[in-house]
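Structural features, examined
Here is what each chain is made of, one letter per residue.
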Amino acid sequence: MTQGERRTPARRTVLGAAGAAAVLGASTALPTGTAHADEARGDSRGRGHRSLPVPTVIAHRGASGYRPEHTLGSYRHALDLGAHVIEQDLVPTRDGHLVCRHENDITGTTDVADHPEFASRKTTKSVDGTSYTGWFTEDFTLAELKTLRAKERIPGTRQENTLYDGRWTIPTFEEVLRWADEEGRRRGRDVWLHVETKHPTYFRSLGLGLEERLAKLLRRYGRHRANSPVFLQSFEPSSIQRLAKLVDSPGVVLLSAAASRPWDFVQAGDPRTVADLVTPEGLRWIASYAQGIGPTLDLVIPKDATGRLGTPTTLVRDAHAEGLLLHPYTHRNENSFLPADFRRGTDPTAYGDAFGALKRYLETGIDGIFSDNPDTALLAAADFTAARD
């Protein structure tokens, strides 16, 4: 989709046999070719993100329900499970490389605490108004980060994932782009990415602006066009606005709790909250520079005081009226992450009725969903599509 283009609500692609194939791990009917081949043959990917099955299943930080997040192992497993899109979160190193970590605080996702040579790097910082104590990517060179190994972020919940602790290093985004090209050639289809700029205002204040570095890599690997197999996302609208001036790749504005304010709004003195951005007027403003929104699931279906799902809001209808797609976050299988009415038993780490919860969310008409368990989401999407047809 080009900047400012509008789509009508009647734009769904039927999942059908492609969804069933994805569930089995087979290649779905997506455009073939690699980023570099596309660079040579021009703007030939045709329908871009409109070629993706709807509902689209986005592997949240990879298959993070089964492997330590943001590792090549997690990304590869997500593809093997059939995920349509793989997510990356980007933070910078001290020497300006973009690496894939959910946060710049790497205390819980690497073995940095086991490296005595980095003990003095432990510090306390304020990031977007919140204080954190630990080790941070911007205090390490890429060469230093590459001496660390990734590990499971929530081992108490996902004890099986700890089997893979230490198996993979922290990938750079350029490594992921090369990996996606190689996997695309091997699987005969484009490997779609969903790329988030983390804390962009904070990093710009350190002289480590993310957008220009990201745009340079997207151009180098041929993912800078409106129909390139990539989404660009951020919780800071100004980051998506900045990227829209650098590349034509589709942008998605992420939206947190209704009462919250994007950090760039806080810094700029903009009084608007997320509640203002999900009004028709706010969505119209987002549609002037972005192609989608990534709301928290609570903005789609709020929970009541007991944690049970209530009545859907009008967000899906209102966003579609402005031509915006919706990729809400995040589905997970464990009881502790599910709405109260879909939890089963008393063990918070046990799986609940994930299919029941997904059915409720998909029935709202969302265009896709982020999931730590993409195989579960794919089966739910296939069930939903079969029932709808």
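All figures in this text were calculated on a predicted structure; none of them were measured in a lab.

1. Considering the pairing of strand β1 (residues 56–59)
- Of the two faces of β1, the one carrying Thr56 and Ile58 and the one carrying Val57 and Ala59 are both buried.
- When β1 meets strand β11 (residues 368–371), the two strands line up parallel, connected through four bridges. Residue pairing across strands places valine 57 opposite isoleucine 369, the latter belonging to β11.
- Here β1 pairs with strand β2 (residues 85–92) via two bridges, running parallel. Residue pairing across strands places isoleucine 58 opposite valine 85, the latter belonging to β2.

2. Observations concerning the pattern of salt bridges
- Across all of its chains, the model carries 28 salt bridges by this definition.
- In this structure, the salt-bridge partner of arginine 187 is aspartate 80, at a minimum N-O distance of 2.7 Å. Of this pair, arginine 187 sits in helix α5 (residues 173–187) while aspartate 80 sits in helix α3 (residues 72–81), and the two are 107 residues apart along the sequence.
- For lysine 198, the salt bridge identified is with glutamate 103, shortest N-O distance 3.8 Å. With lysine 198 in the loop between β6 (192–197) and α6 (200–205) and glutamate 103 in the loop between β3 (98–100) and β4 (123–127), this residue pair connects regions lying 95 residues apart in the sequence.

3. Section: empty space enclosed by the protein
- Applying the stated criterion across every chain yields a total of four cavities of 30 Å³ or more.
- Reported here for the second largest cavity is a volume of approximately 50 Å³.
- Considering only residue class, the lining of the second largest cavity consists of two nonpolar, two polar and eight charged.

4. Concerning the layout of surface pockets
- Counted as a void, the largest pocket has a volume near 650 Å³.
- Residue lining of the largest pocket: 31 residues in total, with Glu103, Glu196, Lys198, Phe235 and Ser256 positioned closest to the centre.
- Where the lining of the largest pocket is concerned, the elements lending two or more residues are β2, β5 (130–134), β6, β7 (230–234) and β8 (251–255).
- Along the lines of polarity and charge, the residues of the lining of the largest pocket split into eleven nonpolar, ten polar and ten charged.
- Its volume calculated, the second largest pocket comes out at about 240 Å³.
- Along the wall of the second largest pocket there are 16 residues; nearest its centre are Leu297, Lys303, Tyr329, Thr330 and Phe337.
- Mapped by element, the contributors of at least two residues to the lining of the second largest pocket are α12 (297–300) and α14 (354–362).
- The biggest single contributor to the lining of the second largest pocket is α14, with three residues.
- Residues belonging to the lining of the second largest pocket are distributed by class as follows: eight nonpolar, four polar and four charged.

5. Concerning the packing of α5 against helix α7 (residues 210–220)
- Contact pair α5 / α7: the axes reach a minimum separation of 11 Å and the direction vectors enclose 25°. The orientation of α5 relative to α7 falls into the category roughly parallel. As for how α5 packs across α7, the hand of that crossing is right-handed. Between α5 and α7, the residues in contact are Phe173, Glu174 and Leu177 and Leu214, Leu217, Leu218 and Arg220, respectively.

6. Some details on α3
- With seven of ten residues buried, α3 is to be regarded as a mostly interior element.
- Taken together, the buried positions of α3 are occupied by Gly73, Ser74, Tyr75, His77, Ala78, Leu79 and Leu81.
- Looking one or two residues past α3, glycine 82 carries a phi angle of roughly 105°, positive in sign.

7. Notes on the pairing of β7
- A large share of β7 lies buried, amounting to five of its five residues.
- On β7, burial covers both faces: Val230, Leu232 and Ser234 on one face and Phe231 and Gln233 on the other are all buried.
- Both β6 and β7 contribute to a ladder of four bridges, which runs parallel. Bridge assignment links leucine 193 to a residue of β7, and that residue is valine 230.
- Here three bridges tie β7 to β8, and the two strands are oriented parallel to one another.

8. Remarks on the environment of glycine 352
- Along the polypeptide, glycine 352 turns up in the loop between β10 (325–326) and α14.
- The buried category is assigned to glycine 352, whose relative accessible area is 19%.
- Measuring from C-alpha to C-alpha, the distance between glycine 352 and proline 339 comes to 9.5 Å, with 13 residues separating the pair along the chain.
- Leaving out residues up to four positions away in the same chain, glycine 352 has contacts with Asn333, Asn335, Leu338, Phe342 and Arg344.

9. A closer look at the environment of aspartate 128
- Along the chain, aspartate 128 falls in the loop between β4 and β5.
- With relative accessibility at 22%, the residue aspartate 128 sits in the partly exposed group.
- If we ignore the near neighbours within four places in the chain, the residues touching aspartate 128 are His199, Tyr202, Glu236 and Trp263.

10. Regarding the packing of aromatic side chains
- Inspection of every chain in the model, using the stated rule, returns eight aromatic pairs.
- Centroid distance phenylalanine 235 to tyrosine 329: 5.8 Å. Interplanar angle 90°. Geometry classified as edge-to-face. With phenylalanine 235 in the loop between β7 and α8 (237–246) and tyrosine 329 in the loop between β10 and α14, the pair connects residues that are 94 residues apart, well separated along the chain.
- Residue phenylalanine 235 is classed as partly exposed on the basis of its relative accessible area, which comes to 28%.
- Given a relative accessible area of 18%, tyrosine 329 falls into the buried group.
- Ring pairs connect the aromatic residues Phe265, Trp285 and Tyr289, which therefore count as one cluster.
- Above the face of the phenylalanine 140 ring, arginine 121 is positioned so that its terminal group lies 5.0 Å from the ring centre.
- Its end group placed over the ring of phenylalanine 337, arginine 332 keeps NZ or CZ at 4.7 Å from the ring centre.

How each quantity is defined
- Residues numbered from 1 in each chain as written.
- Predicted model: local features only at pLDDT ≥ 70, side-chain atom pairs only at ≥ 80, totals over all residues.
- Heavy atoms only, no water.
- Buried < 20%, exposed > 50% of the residue type's maximum accessible area, 1.4 Å probe, protein only.
- Helix = DSSP H or I, 4+ residues; strand = E, 2+ residues; numbered from the N terminus.
- Pairing = 2+ DSSP bridges.
- Salt bridge = Lys/Arg side-chain N within 4 Å of Asp/Glu carboxyl O.
- 1 Å grid on protein atoms, 1.4 Å probe; cavity = no way out; pocket = protein on both sides within 12 Å on 5 of 7 lines; lining within 4 Å.
- Points joined across faces, edges and corners; volume = space filled by probe spheres on them.
- Nonpolar A, V, L, I, M, F, W, Y, C, P; charged D, E, K, R; others polar.
- Axes fitted to C-alpha atoms, helices over the stretch in contact; angles between N-to-C directions.
- Parallel < 35°, antiparallel > 145°, perpendicular 65-115°, else oblique.
- Left-handed = near helix turned anticlockwise from the far one by under 90°.
- Contact = heavy atoms within 4.5 Å.
- Phe/Tyr/Trp six-rings, centres within 6.5 Å; stacked < 30°, edge-to-face > 60°.
- Lys NZ or Arg CZ within 6 Å of the ring centre and 35° of its normal.

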